[in-house]
Amino acid sequence: RQTVKIRARNLRKKLELVGHGEVLDVYTSDLWVWEGIDGRDYAVTGTWGASGDTYFWDVTDPANMKTIDTVRVDARTVNDVKVSEDGRIAVISREGASNRRNGVVILDLADPAHPTIASSFDERLTGGVHNAYPTKDYVFALSGGDKYVIIDVRDLRNPRFVSEYNHPDSRVHDVWVHDGIAYSAEWGTGVVVVDVGNGRWGGSIENP
């Protein structure tokens, strides 16, 4: 145990609204901003309870942000949207697919202004994916709030199941991966930390 004393800094600064990208006909579910491989700044937003649309924005000039493309998938809700750290792939999660096979959709960002669907993956993910996290080579996708599934996306058009992690007697709500360590928020259990390739504790992607 350790006690930390926090002192107020009395720091105040006025916030200024710079720009507003409007979506007026549906609810916006999630947001991710990144620098594209072309050096421009982009954003991606999902939609909730609608037609499975994902909007892509050019936000290089925040005062004049604009939608530049839309990707539609078979879903009622695109619940999560994220881009890998190298800006080359995006992953969007689906809920409410017409065939009840939800899973994730992998997007190729070789041209970040005009993303294309590379593949979809629903093995062990049919119950709905609330959150996902892509790295350069892998996607970590939550499966029905019960576990996260690890998907190899080094071949974007042929993703494959690698492994999964399910903490005993726990419900998982979100996952974040950094430096080969997966951090998952698991309701009453708190934060669970798993070696998924860092190697310091003997873990690997193939056997976390």
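The rules behind each value
Every chain is numbered independently, its residues counted from 1 as its sequence is written. Confidence filtering applies because this is a predicted model: local features only for residues at pLDDT of at least 70, side-chain atom pairs given and counted only at 80 or more, and all residues used for totals across whole chains, interfaces and linings. Each side-chain value is worked out from all heavy atoms of the structure, with water and hydrogens disregarded. Each helix corresponds to a stretch of at least 4 residues labelled H or I by DSSP, and each strand to a stretch of at least 2 residues labelled E; elements are numbered beginning at the N terminus. For the exposure calls, accessible area comes from a 1.4 Å probe over protein chains only, and a residue counts as buried if that area is under 20% of its type's maximum, exposed if over 50%, partly exposed in between. Only heavy atoms matter for contacts: two residues are in contact if any of them lie within 4.5 Å across the pair. Each accessible area value is a Shrake-Rupley result obtained with a 1.4 Å probe; residue values ignore everything except the protein chains displayed when judging cover. We call Phe, Tyr and Trp rings a pair once their centres come within 6.5 Å, taking the six-membered ring for Trp, and we label the pair stacked below 30 degrees between planes, edge-to-face above 60, and tilted otherwise. Note on definitions: the grid is 1 Å and covers protein atoms alone; a cavity is a set of points where a 1.4 Å probe fits but cannot get out; a pocket is an open set with protein on both sides within 12 Å along at least five of seven lines; lining residues have an atom within 4 Å of a point. Grid points are joined across faces, edges and corners, and a volume is the space filled by probe spheres set on the points. Nonpolar residues are Ala, Val, Leu, Ile, Met, Phe, Trp, Tyr, Cys and Pro. Charged residues are Asp, Glu, Lys and Arg, and all others, Gly as well, are polar. For two strands to count as paired, DSSP must find a minimum of two bridges between them. To get an axis, a line is fitted to the C-alpha atoms, and for a helix only the part in contact is used. The angle between two axes follows their N-to-C directions and goes from 0 to 180 degrees. A carboxyl oxygen of Asp or Glu within 4 Å of a side-chain nitrogen of Lys or Arg is what we treat as a salt bridge.

### Notes on the overall build of the chain
Alright, step 1. Looking only at helices and strands, the chain has zero helices and 15 strands in total.
Alright, step 2. When its C-alpha atoms are laid out on the principal axes, the chain stretches across 55 × 50 × 30 Å.
Alright, step 3. Across the 208 residues in the chain, those meeting the buried criterion constitute 44%.
Alright, step 4. The long-range fraction of contacts in the chain, counting pairs at least 24 apart against all pairs at least 6 apart in sequence, stands at 40%.
Alright, step 5. Working note: accessible area of the chain is about 12,100 Å², and carbon and sulfur atoms make up 46% of it.

### Section: the packing of aromatic side chains
Aromatic ring pairs: the centre-centre distance and the angle between the two ring planes describe each pair.
Alright, step 1. The tally for this structure, following the rule as stated, stands at seven aromatic pairs.
Alright, step 2. Between Trp 34 and Phe 56, the aromatic rings sit 6.4 Å apart at their centres with planes inclined by 90°, giving edge-to-face as the arrangement. Placement of Trp 34 in strand β1 (residues 27-35) and of Phe 56 in strand β3 (residues 53-58) is noted, with a sequence separation of 22 residues between them.
Alright, step 3. The structure contains a cluster of three or more aromatic residues connected by ring pairs, namely Trp 32, Tyr 133 and Trp 176.

### A few points about the layout of surface pockets
Alright, step 1. Quantified by volume, the largest pocket comes out at close to 220 Å³.
Alright, step 2. Only β10 (138-143) and β13 (174-178) provide two or more residues apiece to the lining of the largest pocket.
Alright, step 3. Top contributing element to the lining of the largest pocket by residue count: β13, with three residues.
Alright, step 4. Residue classes in the lining of the largest pocket are distributed as seven nonpolar, three polar and three charged.
Alright, step 5. If you add up the space inside the second largest pocket, you get close to 170 Å³.
Alright, step 6. Together, Gly 19, His 20, Gly 21, Thr 28, Leu 31, Val 33, Ala 43, Thr 45, Trp 57, Val 59 and Met 65 line the second largest pocket.
Alright, step 7. Counting residues per element, the ones that place at least two in the lining of the second largest pocket are β1 and β2 (41-48).
Alright, step 8. With three residues, the single largest contributor to the lining of the second largest pocket is β1.
Alright, step 9. For the lining of the second largest pocket, the residue count by class is six nonpolar, five polar and no charged.

### Quick look at the sheet that holds strand β4 (residues 66-72)
Alright, step 1. Strand order across the open sheet formed by four strands is β1-β2-β3-β4, with antiparallel pairing between neighbours. Both edges of this open sheet fall to β1 and β4, since each of them pairs with a single strand only. Averaged over neighbouring strand pairs, the angle between their axes works out to 25° when direction is ignored.
Alright, step 2. Pairing analysis gives seven bridges linking β1 to β2, with the strands arranged antiparallel. Along β2, the bridge assignment pairs Leu 31 with Thr 45.

### Comments concerning the pattern of salt bridges
One side chain can pair with another of opposite charge once the charged atoms of both are near each other.
Alright, step 1. Tallied over the entire structure, the rule returns 11 salt bridges.
Alright, step 2. Among the salt bridges present, the one from Asp 122 reaches Arg 101, with a minimum N-O distance of 3.0 Å. Within this pair, whereas Asp 122 is found in the loop between β8 (116-121) and β9 (132-134), its partner Arg 101 is found in the loop between β6 (89-95) and β7 (104-108), the two being separated by 21 residues in sequence.
Alright, step 3. Notably, a salt bridge pairs Arg 171 with Asp 146, separated by 3.9 Å at the nearest N-O pair. Pair noted here: Arg 171 is in the loop between β12 (160-165) and β13 and Asp 146 is in the loop between β10 and β11 (147-152), with a separation of 25 residues, a long-range link.
Alright, step 4. Take Asp 146: its relative accessible area is 30%, and that puts it in the partly exposed class.
Alright, step 5. A single salt-bridge network, built from bridges that share partners, covers Glu 123, Arg 124, Lys 147 and Glu 164.

Such coordinate-based values are descriptive only and should not be taken to indicate function.
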